[in-house]
Amino acid sequence: MPGNPLEIQQSHEFSIPMPSPSATIQVLCLAYGNHAEVCDYVNRLLDGPDGDRLRIVVTDNTPGRDTTDLSWVGGPAARAHSSGRLVIVGDGVNHGYFGGFRRGLREAFARWPDAADWTILSNTDLSIRTAGWIRELDGLAVHNSIIAPKVISGLSGKNQNPIYLSRPRPLKFLVLSWIFRFGFSTALYRLAALYKDRLISGRLRIQKDPGEGQEIYGAHGSFICIPKSYFDRGGQLECKSFLYVEEICLAEEARRLGIPIRYSGLIEVVHDEHASTSFIPPPHIRRYLAEAHYLAYRILQT
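A quick note: this is a predicted structure, and the numbers were derived from the prediction, not measured.

K.L.:
Any chance you could explain the overall build of the protein chain here in plain terms?
P.N.:
Helix and strand counts for the protein chain come out as 9 helices and 9 strands. For the protein chain, with 302 residues in total, the buried portion stands at 52%. Within the protein chain, contacts between residues at least 6 apart in sequence are counted, and of these 85% link residues at least 24 apart. Carbon and sulfur atoms make up 54% of the accessible area of the protein chain, which amounts to about 14100 Å² in all.

Here it is in structure tokens:
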């Protein structure tokens, strides 16, 4: 993947740059048979405050789909596509989660030589509560850090960030890799996790969010804000997992590159969790879950 032609910064220390009111922001999204949802999400992004500052790449992961069929693109998305601010790529192959984002990122590098100040990895099964989120992103003092915003689960009401406050122990992922091998254990685990999350976010317990700008280990994968410095230092969104545990892959790559991940409650989104994959997953999804968690186990042993 081509890098940006800027000199790699040598200092990995946290710094406070001047806010950039004209920062370029690109959003990478995936489509997988949910084209109406994707179009609606893109339209909401473009219709929002400062939406004219966004450029968007949608990678169509739908197997066998003719990506020249753009009949699903309408409204502001159609106008953005005509003007070149919305790009839709695909080859009829499902590249997976981070694989799809890497496909979109390659297209962004090729299409726009001026590298974006921020790259947003975004699900489309969510809504952004913070109307002025682009301005908030401008004003964040942690421009040299990956930003993990407040992500509210539509199922439990819990803030999903940080997904990992500190580097998790490998054994947890080994255990989960066995749990996800079987349908009954997967269902029990997910139901127990949902009940626990509802307790945390409900009346019985009060969830305490991390402090603004607090450094964390891992950001929830539904909406991640990545600064240009991550790519300047060689970041490639590398992950050998087809689906799941991308948060671990990104956290480890950022760790190697010296790019902190920080929490910010200035941007809040609501995630319609499990809209893209069912709550009780079918066998092939459980296989991905088991394989991905075993991969995370191996990664965290290093």
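K.L.:
I keep staring at the environment of Gly139 and nothing clicks. Help me out?
P.N.:
Checked against the element boundaries, Gly139 lands in helix 4 (residues 133–139). What makes Gly139 partly exposed here is its relative accessible area of 46%. A sequence separation of 127 residues divides Gly139 from Leu266, and the C-alpha atoms of the two residues are 9.7 Å apart.

K.L.:
Looking at this structure, I do not really get the nonpolar core. What am I missing?
P.N.:
In globular proteins that are soluble, nonpolar side chains generally tend to be buried together. Of all hydrophobic cores here, the largest spans 47 residues; its most connected members are Ile146, Ile226, Tyr230 and Leu237. Per-element accounting of this core gives the leading share, 7 residues, to helix 9 (residues 283–300). Leave out the neighbours within four places in its chain, and Ile226 touches Asp117, Trp118, Thr119, Leu121, Ile146, Phe231, Leu237 and Leu250.

K.L.:
Got a minute to help me understand the side chain of Ser177 in this structure?
P.N.:
Mapped onto the elements, Ser177 comes out in helix 5 (residues 170–179). Using a relative accessible area of 1% as the deciding quantity, one classes Ser177 as buried. In this view, Ser177 contacts Ala290, His293 and Tyr294; residues no more than four positions away in its chain are not counted.

K.L.:
I'm lost on empty space enclosed by the protein in this one. Help?
P.N.:
One way to see where empty space is left: roll a probe the size of a water molecule over the atoms. Following the criterion strictly, the structure yields 2 cavities of 30 Å³ or more and no others. Volume-wise, the largest cavity comes out at about 60 Å³. Every residue lining the largest cavity is counted, 12 residues in all, and those nearest its centre are Gln26, Phe109, Ala115, Ala116 and Thr119. At 3 residues, the largest contribution of residues to the lining of the largest cavity is made by helix 3 (residues 97–111). For the lining of the largest cavity, the class distribution of residues is 7 nonpolar, 3 polar and 2 charged.

K.L.:
Teacher, can you tell me more about helix 3 here?
P.N.:
Because each turn of an α-helix spans 3.6 residues, side chains separated by three or four positions in sequence point in the same direction. Between its terminal C-alpha atoms helix 3 stretches 21 Å, which fits the 21 Å expected from 15 residues at 1.5 Å a residue. Burial runs high along helix 3: 12 of the 15 residues are buried. Here helix 3 has its buried residues at Tyr97, Phe98, Gly99, Gly100, Phe101, Arg102, Arg103, Gly104, Leu105, Glu107, Ala108 and Phe109. Looking at the packing, one finds that the buried side of helix 3 touches strand 1 (25–31), strand 2 (54–60), strand 3 (86–89), strand 4 (118–122), helix 7 (228–232) and helix 8 (246–257).

K.L.:
Even after reading the chapter, I still don't get the pairing of strand 1, so can you show me in this structure?
P.N.:
Looking down a regular strand, the side chains alternate between one sheet face and the other. With 7 of 7 residues buried, strand 1 lies mostly within the body of the structure. As paired elements, strand 1 and strand 2 share 7 bridges and run parallel to each other. Counterpart to Leu30 in the pairing with strand 2 is Thr59. Handedness of the crossover is the feature at issue here: the chain leaves strand 1, passes through helix 1 (residues 35–47), returns alongside strand 2, and the resulting connection is right-handed. Where strand 1 lies against strand 4, 4 bridges are found, and the strand directions are parallel. Across the sheet, the residue bridging to Ile25 is Trp118, located in strand 4.

K.L.:
I tried to follow helix 5 on my own but got confused; where do I start?
P.N.:
Regarding helix 5, the residues found buried are Phe173, Leu176 and Ser177. Mapping the buried residues of helix 5 onto a view down its axis gives an arc of 105°, with all of them on the same face.

K.L.:
Explain the packing of aromatic side chains here, please?
P.N.:
Each aromatic ring pair is described using two quantities: the centre-to-centre distance and the angle formed by the ring planes. Scanning all chains against the criterion turns up 12 aromatic pairs. Between the aromatic rings of Tyr97 and Phe98, the centroid separation amounts to 6.1 Å while the plane-to-plane angle is 20°, which identifies the pairing as stacked. Ring centres of Phe182 and Phe184 lie 6.2 Å apart, and the angle between their planes is 35°; on these two criteria the pair is classed as tilted. Judged by relative accessible area, Phe184 falls into the exposed class, the value being 60%.

Reading the values: rules and limits
- Residues numbered from 1 in each chain as written.
- Predicted model: local features only at pLDDT ≥ 70, side-chain atom pairs only at ≥ 80, totals over all residues.
- Heavy atoms only, no water.
- Helix = DSSP H or I, 4+ residues; strand = E, 2+ residues; numbered from the N terminus.
- Buried < 20%, exposed > 50% of the residue type's maximum accessible area, 1.4 Å probe, protein only.
- Contact = heavy atoms within 4.5 Å.
- Areas by Shrake-Rupley, 256 points an atom, 1.4 Å probe, with all protein chains shown as cover.
- Core = buried A, V, L, I, M, F, W, Y, C linked by side-chain atoms within 4.5 Å.
- 1 Å grid on protein atoms, 1.4 Å probe; cavity = no way out; pocket = protein on both sides within 12 Å on 5 of 7 lines; lining within 4 Å.
- Points joined across faces, edges and corners; volume = space filled by probe spheres on them.
- Nonpolar A, V, L, I, M, F, W, Y, C, P; charged D, E, K, R; others polar.
- Expected span 1.5 Å × (residues − 1).
- Pairing = 2+ DSSP bridges.
- Right-handed = clockwise from strand over helix to strand, strands pointing away.
- Arc of directions from axis to C-beta.
- Phe/Tyr/Trp six-rings, centres within 6.5 Å; stacked < 30°, edge-to-face > 60°.

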